[in-house]
Number of protein chains: 2
Amino acid sequence: MSGTGKAPATRPDPKALLAPLADDLKRVDAAYHRALASESPHVRKLVEHAALFRGKQLRPALVILAGRACGRETDAHVVVGAIVEMIHTATLLHDDVLDHATTRRNLPSINALHGNEVPILLGDFIYAQAFALANTLEDRTAAIHLAATTRRLCTGEIDQNCNRGRFDLSYPEYLRIIEDKTASLYAASARLGAIYAGAPAEQVTALEEYGRQLGIAFQIIDDCLDLAGDERSVGKSLGTDLSERKMTLPLLRLLERVPAATGAKVRQMLADGAVGDPRAALRAIVDFAPDVASAQATAEQFVRGARGHAERLPPGAARQTLLDLADFVLERDR
Amino acid sequence: MSGTGKAPATRPDPKALLAPLADDLKRVDAAYHRALASESPHVRKLVEHAALFRGKQLRPALVILAGRACGRETDAHVVVGAIVEMIHTATLLHDDVLDHATTRRNLPSINALHGNEVPILLGDFIYAQAFALANTLEDRTAAIHLAATTRRLCTGEIDQNCNRGRFDLSYPEYLRIIEDKTASLYAASARLGAIYAGAPAEQVTALEEYGRQLGIAFQIIDDCLDLAGDERSVGKSLGTDLSERKMTLPLLRLLERVPAATGAKVRQMLADGAVGDPRAALRAIVDFAPDVASAQATAEQFVRGARGHAERLPPGAARQTLLDLADFVLERDR
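Source: prediction; values computed, not measured.

Colleague: How should the environment of threonine 141 of chain B be read in this particular structure?
Modeller: Residue and element names in this part refer to chain B. Inspection of the secondary structure assignment puts threonine 141 in helix H8 (residues 141-162). Assessed through its relative accessible area of 27%, threonine 141 is described here as partly exposed. Each C-alpha atom, one on threonine 141 and one on glycine 229, is 38 Å from the other, the two residues being 88 residues apart in sequence. With residues near it in sequence (within four places) discarded, threonine 141 still touches Leu192, Ile195 and Tyr196. Side chain to side chain, threonine 141 and aspartate 139 meet in a polar contact 2.3 Å long.

What follows is the structure in structure tokens.
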């Protein structure tokens, strides 16, 4: 993808950004694997395979950074980090079934290897174990909050699916869907990090808003990558939003921008389904680079909003990492 | 299905059996619908459709009967009843995707109407809301116990799926799978009914064992119905276990009983996949009536076990209904 035209000389590396959290993220990882241990060799094998897809651990990192930014990190932060990562992994497994994805992080997706049964059931197993783990915490806030968040994630996914092929979806409708399906888990991670640090209400809200806006930006960039990203660097099947006829922000902007006749051609192609690469089919009708740039500019606005909320936190290393993470969202190519 | 040869003059009617619980089951139903209320019109429509598939409310009935048999019924029993019904509904939705079922309770299944996306997501939504509802209870026992039970349900489903086509599955392996995937939720329902009644440990165990053995019997009869039931009275697609190459008890008994050459033919037919009705294809190779009868006899043993545990409870109307319910499992044709 072309970036926003203001990429720094050295591309921000999430690994370097999160290096100060390495020990805690290792503890999150250990808690994650302890929670998913199973007597069933089938379950064990699948959990191991699913673990290969795990990415940057952004959500657990948010829990820990939020705690640190509020001046207190506890064992509960590690547990909450593992829970949010489990919920995220379960949604990925079910997403891959929904998207008929064949690769994830450059590896065969579980549905490509085992059909649809296994990722559905493994996702359910991981959800159940996430709630079981939440119930091991003395304080019930995480259990209550994350059940409600999972409900929102599912509502967003249902609304997105039921709106497939609705190319007149409005921006507010689009925004509500991505808030539910993506941003709510970022917001919950940051919020819970603050709550388990015993932070005052103002910091809890600042972190929740930071997470929400970061999540929205993240999803918009995801939309842009699906349309304009490179499959090898992104590491998963792309163009699936087009072939699944999902409304994304660049597509929304494109349909607002182009003349009616071009828009009709695009809608027709999407409704019929492209032969071969859907991105190439779209490019054959219209140059969508301006629409990707427009969506990126919107993501940039949300990143600015996220940064503004983070700046209300006490200054220090954790706050700086939150600010850098926000910038990273814009520059990422995977 | 032919029954066990000792059917009473009047077939037990679950509705009549559960009539003394009608008011409580209405309260369960109201709690269920309150919990699944949603701002999303898409979610609302799907929840309504899924509600049409709800059956006999056996699991909530167990919660309430267990409470009554132990001499105390509380508001928590109604909430726990709604939660176990929600978990059950979510598993049904995901099961229909796994089984490629086209009908359920004589209605088009949700996957037949909407594809696989919607039942997966609606199931996830209902799971999440079940855990959210569990977190509204002051006492955390149900939340803890039902997350662990959901984990077992999923483990059983995963093991069943990963063992598809393994026609040398042993009886103990088969039994462990159906305990996990079916009996564990019956056991949890009865156990929680006792716990929320403040029952002594002996009654809690008696009810858990009653539920476990009832659930095992229920699943074995389900296996028999899939092979020998009538689609119209059962109200769902049958023969799916055969076409999905799942090991069931009658099939296990058949492969133990028939000569090696017949067994080889059966395995070959199952491995290749039958053209048309898989039950007719199996019947063309071998008469499986003795194997269905043998599996039914095993179910009868479990019903006897369940009754034995129920008889350890204080005598009264609730205990009698538990005993009658156990008999009903054997006589049901749907």
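Structure's up, so let's keep going.
Colleague: Honestly, the pattern of salt bridges in this entry has me stumped. Any pointers?
Modeller: It is possible for side chains bearing opposite charge to pair when their charged atoms get close. Residue and element names in this part refer to chain A. Applying the stated rule across the entire model yields 34 salt bridges over all chains. Note that arginine 176 and aspartate 159 form a salt bridge whose closest N and O atoms lie 3.3 Å from each other. Here arginine 176, found in helix H9 (residues 171-195), pairs with aspartate 159, found in helix H8 (residues 141-162); they are 17 residues apart in sequence, far enough to count as distant. Glutamate 300 is paired through a salt bridge with arginine 304; the nearest N and O atoms lie 3.5 Å apart. Pair noted here: glutamate 300 and arginine 304 are both in helix H16 (residues 289-310), with a separation of 4 residues, about one helical turn. What emerges from the salt-bridge pattern is a single network uniting Asp24, Arg27, Arg68, Glu73 and Asp75.

Colleague: Sorry, what's going on with the packing of helix H4 (residues 58-69) of chain B against helix H17 (residues 317-331) of chain B here?
Modeller: Any two packed helices are characterised by the angle at which their axes cross and by the distance between the axes. Residues and elements named next belong to chain B. Packing of H4 against H17 brings their axes to within 8 Å, and their N-to-C directions diverge by 145 degrees. The way H4 lies across H17 gives a crossing that is left-handed. Between H4 and H17, the residues in contact are Leu58, Leu62, Leu65, Arg68 and Ala69 and Ala318, Arg319, Thr321, Leu322 and Leu325, respectively. When the residues that make up the contact of H4 with H17 are grouped by side-chain class, the tally is 7 nonpolar, 1 polar and 2 charged.

Colleague: Help me understand empty space enclosed by the protein in this model?
Modeller: Which parts of space are left empty comes out when a probe the size of a water molecule is rolled across the atoms. All told, the structure shown has 8 cavities of 30 Å³ or more when counted by the stated rule. In this structure, the largest cavity spans a volume of roughly 70 Å³. Forming the walls of the largest cavity are Thr91, His94, Asp95, Tyr127, Leu153, Cys154, Glu157 and Lys181 of chain A together with Leu121 and Asp124 of chain B. Of all elements in the fold, only helix H5 (75-98) and H8 of chain A together with helix H7 (117-134) of chain B reach the threshold of two or more residues within the lining of the largest cavity.

Thresholds, definitions, all that
- Numbering of residues starts from 1 in every chain and runs along the sequence as written.
- Written order decides the labels, with chains lettered from A and ligands numbered from 1.
- Thresholds applied to this predicted model are a pLDDT of at least 70 for local features of residues and 80 or more for the giving and counting of side-chain atom pairs; totals over whole chains, interfaces and linings are not thresholded and use all residues.
- Only hydrogens and water are set aside when side-chain values are computed; all heavy atoms of the structure are taken into account.
- A run of DSSP states H or I qualifies as a helix once it reaches four residues; a run of E qualifies as a strand once it reaches two. Both are numbered from the N-terminal end.
- Exposure categories follow from relative accessible area, calculated using a 1.4 Å probe and restricted to protein chains: below 20% of the type maximum is buried, above 50% is exposed, and the middle band is partly exposed.
- Whether two residues are in contact is decided by their heavy atoms, any of which lying within 4.5 Å being enough.
- Think of a polar contact as two N or O atoms within 3.5 Å of one another; within protein, one of them needs to be a possible hydrogen donor and the other a possible acceptor, and neighboring residues in sequence only count if both atoms come from side chains.
- A carboxyl oxygen of Asp or Glu within 4 Å of a side-chain nitrogen of Lys or Arg is what we treat as a salt bridge.
- Angles run from 0 to 180 degrees between N-to-C directions of axes, and those axes are lines fitted to C-alpha atoms, restricted for helices to the stretch in contact.
- It is the rotation of the near helix from the far one that decides the hand of a crossing: anticlockwise by less than a right angle makes it left-handed, clockwise makes it right-handed.
- Lys, Arg, Asp and Glu make up the charged group, whereas Ala, Val, Leu, Ile, Met, Phe, Trp, Tyr, Cys and Pro make up the nonpolar group; the residues left over, Gly among them, are polar.
- Method remark: on a 1 Å grid restricted to protein atoms, a set of points is classed as a cavity if a 1.4 Å probe fits but cannot get out and as a pocket if it is open with protein on both sides within 12 Å along at least five of seven lines; lining residues have an atom within 4 Å of a point.
- Grid points are joined across faces, edges and corners, and a volume is the space filled by probe spheres set on the points.

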